[in-house]
Amino acid sequence: MAASERVIDFVRHSSRPFIFSASIPPANAAAALEALCQLEKHPELVNKLQDNGLYMRKRLAENNIKMRPSNGEIVPIIPIYTYEEEKTLVIAKDLYDNGVYVNSTLPPACATHECLLRTSLMATHTHELIDEAVEIIANVLKKYDLIPEV
């Protein structure tokens, strides 16, 4: 910022973005740089990750698992509705105990009664691993009456 010393001092001590910001640790900067280098070396990973996102959504839909819509974007994080806070935490633990890790999303990060489990994919996941995860997710969600009978 180019300004007088008085203005700079004012901004330094009263600007919320300045006060609540901090530089990232060197290890995080190095990890981000290496990730960008890997993407330059292996651009196919982006396509594989998108393919995995599409495949997982398709498999979840085939099992009547209600997901938050992606609004046309292909994303590797797929939120699954669980609705209630306590049930969401219990299901997340049950999934973990059965070999699938998910992140719970609870209020205030989501609306009341719209709790979610967020699955996260990687480019290194295979369709076989995704199939296994979807089977486990479907079996656990059935125990908690979150998959409608067809």
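Below, the structure is looked at part by part.

Definitions and cut-offs
Residues numbered from 1 in each chain as written. Predicted model: local features only at pLDDT ≥ 70, side-chain atom pairs only at ≥ 80, totals over all residues. Heavy atoms only, no water. Phe/Tyr/Trp six-rings, centres within 6.5 Å; stacked < 30°, edge-to-face > 60°. Buried < 20%, exposed > 50% of the residue type's maximum accessible area, 1.4 Å probe, protein only. Helix = DSSP H or I, 4+ residues; strand = E, 2+ residues; numbered from the N terminus. Polar contact = N/O pair within 3.5 Å; in protein donor to acceptor, adjacent residues only side chain to side chain. Contact = heavy atoms within 4.5 Å. Salt bridge = Lys/Arg side-chain N within 4 Å of Asp/Glu carboxyl O. Axes fitted to C-alpha atoms, helices over the stretch in contact; angles between N-to-C directions. Left-handed = near helix turned anticlockwise from the far one by under 90°. Pairing = 2+ DSSP bridges. Expected span 1.5 Å × (residues − 1). Arc of directions from axis to C-beta.

### Some thoughts on the packing of aromatic side chains
Applying the stated rule across the entire model yields two aromatic pairs. The interplanar angle of 80° and the centroid separation of 6.4 Å between the aromatic rings of Tyr96 and Tyr101 together place this pair among those described as edge-to-face. For the pair formed by Tyr96 and Tyr101, the shared burial category is exposed.

### Looking at the side chain of Thr88
Note that Thr88 resides in helix H5 (residues 85-97). Relative accessible area serves as the criterion here: at 0%, Thr88 is assigned to the buried category. In terms of polar contacts, Thr88 uses its side chain to reach the side chain of Thr82, at 2.5 Å. If near-sequence neighbours (up to four positions away) are discounted, Thr88 is found in contact with Thr82, Tyr83, Ser104, Leu106, Cys115, Leu116 and Leu117.

### Quick notes on the pattern of salt bridges
Applying the stated criterion across every chain yields a total of six salt bridges. With a closest N to O distance of 2.9 Å, Asp97 and Lys93 form a salt bridge. With Asp97 and Lys93 both in helix H5 and four residues apart, this pair spans about one turn of that helix. Look at Asp97 and you get partly exposed, because its relative accessible area is 49%. The closest approach of N and O atoms between Asp94 and Lys143, which form a salt bridge, is 2.7 Å. Of this pair, Asp94 sits in helix H5 while Lys143 sits in helix H6 (residues 127-143), placing them 49 residues apart in sequence. Using a relative accessible area of 54% as the deciding quantity, one classes Lys143 as exposed. In this structure, a network of salt bridges that share partners links the residues Lys58, Arg59, Glu62 and Asp131.

### Some details on the packing of helix H4 (residues 44-62) against H6
Between two packed helices, both the angle of their axes relative to each other and the distance between the axes serve to describe the pair. Viewed as axis vectors pointing N to C, H4 and H6 meet at an angle of 30°, and their least axial separation amounts to 10 Å. The handedness of the crossing between H4 and H6 is right-handed. Residue-level inspection shows Lys48, Asp51, Asn52, Tyr55, Met56, Arg59 and Leu60 of H4 in contact with H6, the latter providing His127, Ile130, Asp131, Val134 and Ile137.

### Focus: the sheet that holds strand E2 (residues 103-105)
Strand order in the open sheet formed by three strands is E1-E3-E2, and the pairing between neighbours is antiparallel. Pairing within the sheet leaves two strands with one partner each, and these edge strands are strand E1 (77-83) and E2. Neighbour-to-neighbour, the strand axes of the sheet open up by a mean angle of 30°, direction not taken into account. Sheet topology places E1 next to strand E3 (residues 115-120); six bridges connect them, and they run antiparallel. For Pro79, the partnering residue across the bridge sits in E3 and is Arg118. H4 contacts E1 and E3 of the sheet and is inclined by roughly 25° relative to E1.

### Brief notes about H5
The end-to-end C-alpha distance of H5 is 19 Å, a good match for the 18 Å that 13 residues give at a rise of 1.5 Å each. Looking at H5, one finds that the buried residues are Thr88, Ile91, Ala92, Asp94 and Leu95. Looking down the long axis of H5, one finds its buried residues gathered within 165° of arc, a one-sided arrangement. Exposed and oriented more than 90 degrees from the buried face of H5 are Glu86 and Tyr96. On its buried side, H5 packs onto E1, E2, E3 and H6.

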